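One-letter residues, chain by chain:
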Amino acid sequence: MQGQGICGIFRFTGKGRYGSLAGMSERIASIDILRGLDMAVLTGGAVVLKEALTLSAGGSLPDAVAQQFTHAQWGGAFTCWDLVMPLFIFIVGCSMPFAFTKYRTAGGEGWRRRTMLRVLRRVVLLFLLGMVVQGNLLGCNPEHMSLFCNTLQAIAAGYLIASVLLVWGGVRSQLAGCMACLVLYWAALRFMPYAGHEGGRFLPHDNLAYHVDCLLQGHWQDGTPNTWILTSLSFGVLTLMGVLGGQCIRLMNAGKSTAVLAAAGAASLGAALALECDTPLIKQIFTPTMVLWSGGWCLLLLALFHLLCDTGLRATRFFTPLQAFGTNAILAYVLTEMRGVGGHPFWWGITQPLFGGLASVCGEWGPLVFNALSFLLLWALLECLRRHRIMLRV
């Protein structure tokens, strides 16, 4: 069936007694599993792992390990947690060539117009959903809202840029567009003067990207050094890197595509190391160095999972639990990131009455018990939806 989901934003699709889901059997395992890994980490897996490691280490992790579970400070060393958001954006791009090929094949005359209308609808809904999750939209108080401050909105920006090139261009155009967006953002940050300053400043609250955000968002800027509007060029680059990765999988045989993805990932890491001599790696404003570094790791991860899951190795069965998160990624993100009563995550409001009492009598094991049970309950919900072939899509 197809119907309205949460606040009418989601579309439910299913199969069997729930209706038909076109293309469920045609999904690319490596993309679903990699998306699932990213969502599993983001929606509770990282917390469970950190709690388990902390207990095993006697209550305190070495700084080098603990830092991997948080974002790096401004200009600090890249951490594992810094890869979560870029991978989310990248993996959206990976699935786009398959979806847009289907639109083109089934659309007939006028498919471009219909596809772009579909794209614009998704962009608007993702943007609004981002405001619901993190921009305090449901508070209905404009004074306390943030306009552009969320990963879903970054995905919307990257999706729009990549969609234009997928609808009106081929693979070469997509590669050229990716490089053009990267160079344009680099040149703007390095050379464009602003507010009486010369270009090339990379300080918190004092750089071109932050100036553009404050200028265009006004009091709706969220007060953090994170930037979004001009930085949408970087989001477009990451999405297009995913698009190009998806094109490799779609157009090449498994062995060749794996090699190309791995080589592209290594080249991107090398380019990042070279560019860091000129432009620092700063996650908060997604400098081109950050984009190349994180995008390189994304390409290498895609190559690894493509090798394991889409080739003769057929290791998909070992990663099946991750597919639950991969097939309903946005639902998992919204449930765990949207704030409820008292500022707590919405999912915490569900699991605290269920597991809070048990955790309170478990002593030092309490945080691990609570977070592990909360994570397992979320997985069970998503797995139930997957088994019934129900997907919630924007």
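Analysis parameters
- Residues numbered from 1 in each chain as written.
- Predicted model: local features only at pLDDT ≥ 70, side-chain atom pairs only at ≥ 80, totals over all residues.
- Heavy atoms only, no water.
- Salt bridge = Lys/Arg side-chain N within 4 Å of Asp/Glu carboxyl O.
- Helix = DSSP H or I, 4+ residues; strand = E, 2+ residues; numbered from the N terminus.
- Buried < 20%, exposed > 50% of the residue type's maximum accessible area, 1.4 Å probe, protein only.
- Core = buried A, V, L, I, M, F, W, Y, C linked by side-chain atoms within 4.5 Å.
- Contact = heavy atoms within 4.5 Å.
- Axes fitted to C-alpha atoms, helices over the stretch in contact; angles between N-to-C directions.
- Parallel < 35°, antiparallel > 145°, perpendicular 65-115°, else oblique.
- Left-handed = near helix turned anticlockwise from the far one by under 90°.
- Nonpolar A, V, L, I, M, F, W, Y, C, P; charged D, E, K, R; others polar.
- pLDDT = per-residue confidence, 0-100.
- Disulfide = S-S within 2.5 Å.
- Expected span 1.5 Å × (residues − 1).

A. Looking closely at the pattern of salt bridges. Overall, the coordinates contain 5 salt bridges when judged by the stated rule. With its nearest N and O atoms 3.1 Å apart, the salt bridge here joins D278 to R190. Residue D278 is found in the loop between α9 (254-275) and α10 (288-309), and its partner R190 is found in helix α6 (residues 171-191); the two are separated by 88 residues along the sequence. Judged by its relative accessible area of 31%, D278 is partly exposed. Connected through shared salt-bridge partners, E383, R386 and R387 make up one network.

B. Seen up close, the nonpolar core. If you look at the biggest cluster of nonpolar residues, it comprises 106 residues, and the most contacted ones within it are F90, F100, L152, L230, F235, L302 and F325. Per element, the largest residue contribution to this core is 12 residues, and it comes from helix α3 (residues 84-107). Not counting the four nearest positions on each side in its chain, L152 is found in contact with F88, L126, L129, G130, V133, Y333 and V334.

C. Local environment of the packing of α9 against α10. Following both chains from N to C, one finds α9 and α10 inclined at 160°, their axes separated by 8 Å at the closest point. Judged by the inter-axis angle, α9 sits roughly antiparallel to α10. Like other packed secondary-structure pairs, α9 and α10 cross with a definite hand, here left-handed. Here the residues of the contact of α9 with α10 are counted per class, giving 19 nonpolar, 8 polar and no charged.

D. Geometry of the environment of P280. If you trace the backbone, P280 turns up in the loop between α9 and α10. Along the sequence, P280 and C140 sit 140 residues apart, while their C-alpha atoms lie 39 Å from each other.

E. Main features of the confidence of the model for the chain. Counting all residues, the mean pLDDT for the chain is 91, and 93% of those residues have values of 70 or more. Under a pLDDT of 50 for its full length, residues 1-10 has, in the predicted model, 28 contacts with residues more than four places off or in other chains. Taken together, the stretch residues 15-25 has pLDDT below 50 and engages in 19 contacts with residues farther than four places along the chain or on a different chain.

F. Local environment of the state of the cysteines. Evaluated as defined, the whole model comprises 0 disulfides. Here C94 stays free of any disulfide, with the sulfur of C298 as its closest cysteine sulfur at 8.1 Å. Not engaged in a disulfide, the cysteine C248 finds its nearest cysteine sulfur in C94; these two sulfurs lie 9.8 Å apart.

G. Molecular detail of helix α14 (residues 366-387). Taking 1.5 Å per residue, 22 residues should reach 32 Å; α14 reaches 31 Å between its end C-alpha atoms and fits that length. Of all the positions in α14, only G366, L368, F370, S374, F375, L378, L382, E383 and L385 are classed as buried. Here the buried face of α14 lies against α1 (29-56), α11 (320-327), α12 (329-337), α13 (346-360) and β3 (391-393). Positive phi shows up at R389, right after α14, with a value of about 55°.

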